[in-house]
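# Per-entry structural report
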Amino acid sequence: MASPPLRPPLTSPLIFLLFTTLFASTSSADTCTNQKLTDGSNSNKLYSNCMDLPHLTTFLHWTHNATNFSLSVAFVGSPPHPSGWISWAINPTGLGMAGAQALVAYKDGNNGAVTVKTLDIKSYSEMVPGKLSFEVWGLKGEESGGAIMIFANMKVPEKVTTLNQVWQVGPSVTAGRFDKHDFAPENLNSKGMLNLIGDHNVSGGAVDSRTKKKNIHGVLNSVSWGVLFPLGAVIARYMRTYPSADPAWFYLHAGCQVSAYAIGVAGWATGLKLGSESAGVVYSVHRNIGITLFCLATIQMFALFIRPKKDHKYRYFWNIYHHSFGYTIIILGIINIFRGFDILNPERKWKSTYIVVIASLGAVALLLEVITWIIVVKRKSSTKPYDGYNGQSRQQPLNM
């Protein structure tokens with residue numbers, strides 16, 4: 001006898017409730033407070049502090065002893081593959097990978113034991129296994145349920161309350177060498193400040209010089225390609241509908257676009273500088289769109305100098321070239337800005353602010369489009385012709 005069919009109205013809520021329960025239990029487990037780790041001493045004291053690091057689903061437990069200037073840490077992370085590695089480091093010189101003094105752990109494929117090594121990362125291309133710049137003892141590694149734990153004790157400078165920390169996970173280990181990690185935003189942003197006295201603020205407000213350059217690059221390009229270029233197009237398309245705005249609209253349009261180009265070139269140059277300083281870090285799509293934007297905008301600037309008169313026989317072709325290049329720049333610029341947000345991964349408020357700005361500009365353009373067409377229709381129905389530039393020729397208000 002055939003079994004009765006399942007009834008979606010009953011089973012769907014049950015399945016949803018089951019998944020919700022599983023998700024809630026998993027989420028509650030992924031916190032440092034649920035990880036009862038000890039310091040590894042004879043007394044097996046629990047660590048005084050812990051934090052959920054903001055990237056790569058990693059956790060840090062630590063105890064700072066101010067009397068003997070020591071730091072006991074336990075770092076917990078899951079490599080992307082069973083043969084991968086995890087790393088936690090202190091950087092005495094800056095907030096980033098270069099200069100970091102790292103503890104790296106991986107699971108040995110031969111005997112299944114966890115091996116912990118020390119790594120002096122002198123630069124992005126030079127990583128030296130061996131002693132670190134400070135004393136380290138009690139190194140130990142463990143594995144549980146796919147997660148690897150690094151336990152260590154180290155000497156820290158006197159009267160220091162904060163340290164630069166960097167953490168990372170990698171895919172594999174080949175012949176004792178740690179293969180490159182991914183360069184996704186999660187990986188690139190896995191750094192911050194560690195407050196030894198127990199403040200769980202991982203960022204601490206510190207920003208390294210490279211991140212400052214990225215922020216400058218993002219701001220310049222957002223203002224130029226993402227705001228000024230679209231604003232200039234709105235001015236040209238809708239202000240020139242009104243004869244009283246001629247020729248003011250042209251000077252506003254040209255000034256806006258030239259300013260956007262100058263700021264955009266500065267942002268493009270900072271992007272090239274960042275690329276030259278980041279060997280091995282390549283964002284091909286973002287870079288290629290940026291190069292295309294620079295080329296198109298440079299050609300577009302020549303439109304100002306080769307602009308024929310309104311009654312010239314080549315004015316029609318100039319309009320096609322000018323419009324097609326202009327709208328392509330606007331579309332590519334907005335796309336690349338959002339790709340930049342994904343790469344830089346700033347606080348959500350910055351991306352939200354830009355969305356509000358560009359959406360507001362789009363809403364204004366839509367409203368002006370409706371008003372403009374109403375004016376055009378009324379003028380066409382009127383017997384009085386629409387006067388063009390200085391009344392010398394008849395001109396359609398929507399043609400630039």
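Right above here is the structure, for reference.
Residues numbered from 1 in each chain as written. Predicted model: local features only at pLDDT ≥ 70, side-chain atom pairs only at ≥ 80, totals over all residues. Heavy atoms only, no water.

## Things to note about the nonpolar core
In summary, soluble globular proteins display a tendency toward joint burial of nonpolar side chains. Among the nonpolar cores identified, the biggest contains 27 residues, and Leu 60, Leu 71, Val 73, Phe 75, Trp 88 and Met 154 are the most heavily contacted of them. If you list the elements that add at least two residues to this core, you get β2 (59-65), β3 (70-77), β4 (85-90), β5 (101-107), β6 (114-121), β9 (147-155) and β10 (162-170). Sort the elements by how many residues they give to this core and β9 lands first, with four residues. Beyond its immediate sequence surroundings of up to four residues, Leu 71 is in contact with Trp 62, Thr 63, His 64, Ile 90, Ala 152, Asn 153, Met 154, Val 156, Leu 163 and Leu 196. Residues Ala 260, Leu 293, Ala 297 and Ile 329 belong to the second largest nonpolar core, which totals 15 residues. (Core = buried A, V, L, I, M, F, W, Y, C linked by side-chain atoms within 4.5 Å. Buried < 20%, exposed > 50% of the residue type's maximum accessible area, 1.4 Å probe, protein only. Helix = DSSP H or I, 4+ residues; strand = E, 2+ residues; numbered from the N terminus. Contact = heavy atoms within 4.5 Å.)

## A word on the packing of helix α4 (residues 248-276) against helix α5 (residues 284-301)
At a closest axis distance of 11 Å, the pairing of α4 and α5 adopts a crossing angle of 145°. Crossing of α4 against α5: the hand is left-handed. Facing Gln 257, Val 258, Tyr 261, Val 265 and Trp 268 of α4, the residues of α5 in contact are Gly 290, Ile 291, Phe 294, Ala 297, Thr 298 and Met 301. For the contact of α4 with α5, the residue count by class is eight nonpolar, three polar and no charged. (Axes fitted to C-alpha atoms, helices over the stretch in contact; angles between N-to-C directions. Left-handed = near helix turned anticlockwise from the far one by under 90°. Nonpolar A, V, L, I, M, F, W, Y, C, P; charged D, E, K, R; others polar.)

## Some details on the sheet that holds β3
Hydrogen bonds between backbone atoms are what pair the strands of a sheet, whose relative direction is either parallel or antiparallel. If you walk across this open sheet you meet the five strands as β1-β2-β3-β9-β8, and the pairing is antiparallel. Here the strands that pair on one side only, and so sit at the sheet edges, are β1 (49-52) and β8 (136-144). Between one strand axis and the next, the sheet turns by 15° as a mean value, whatever way the strands run. (Pairing = 2+ DSSP bridges.)

## Comments concerning the sheet that holds strand β13 (residues 191-195)
Spatial ordering of the open sheet is given by β7-β6-β5-β4-β10-β13, a layout of six strands whose pairing is antiparallel. Lying at the two open borders of the sheet, with one neighbouring strand each, are β7 (127-129) and β13. Averaged over all pairs of adjacent strands, the angle between strand axes in this sheet comes to 30°, irrespective of strand direction. Two elements, β5 and β6, share seven bridges in a ladder whose sense is antiparallel. Residue pairing across strands places Val 104 opposite Lys 117, the latter belonging to β6.

## A word on the packing of aromatic side chains
Under the counting rule described, the total for this entry stands at 11 aromatic pairs. With a centroid separation of 6.1 Å and an interplanar angle of 45°, the aromatic rings of Phe 341 and Tyr 354 are classed as tilted. Separated by 13 residues along the polypeptide, Phe 341 in helix α6 (residues 315-344) and Tyr 354 in helix α7 (residues 348-381) bring together distant segments of the chain. Taking the relative accessible area as the measure of exposure, Tyr 354 reaches 6% and is therefore buried. Taken together, the aromatic side chains of Trp 85, Tyr 106 and Phe 178 make up a single cluster linked through ring pairs. (Phe/Tyr/Trp six-rings, centres within 6.5 Å; stacked < 30°, edge-to-face > 60°.)

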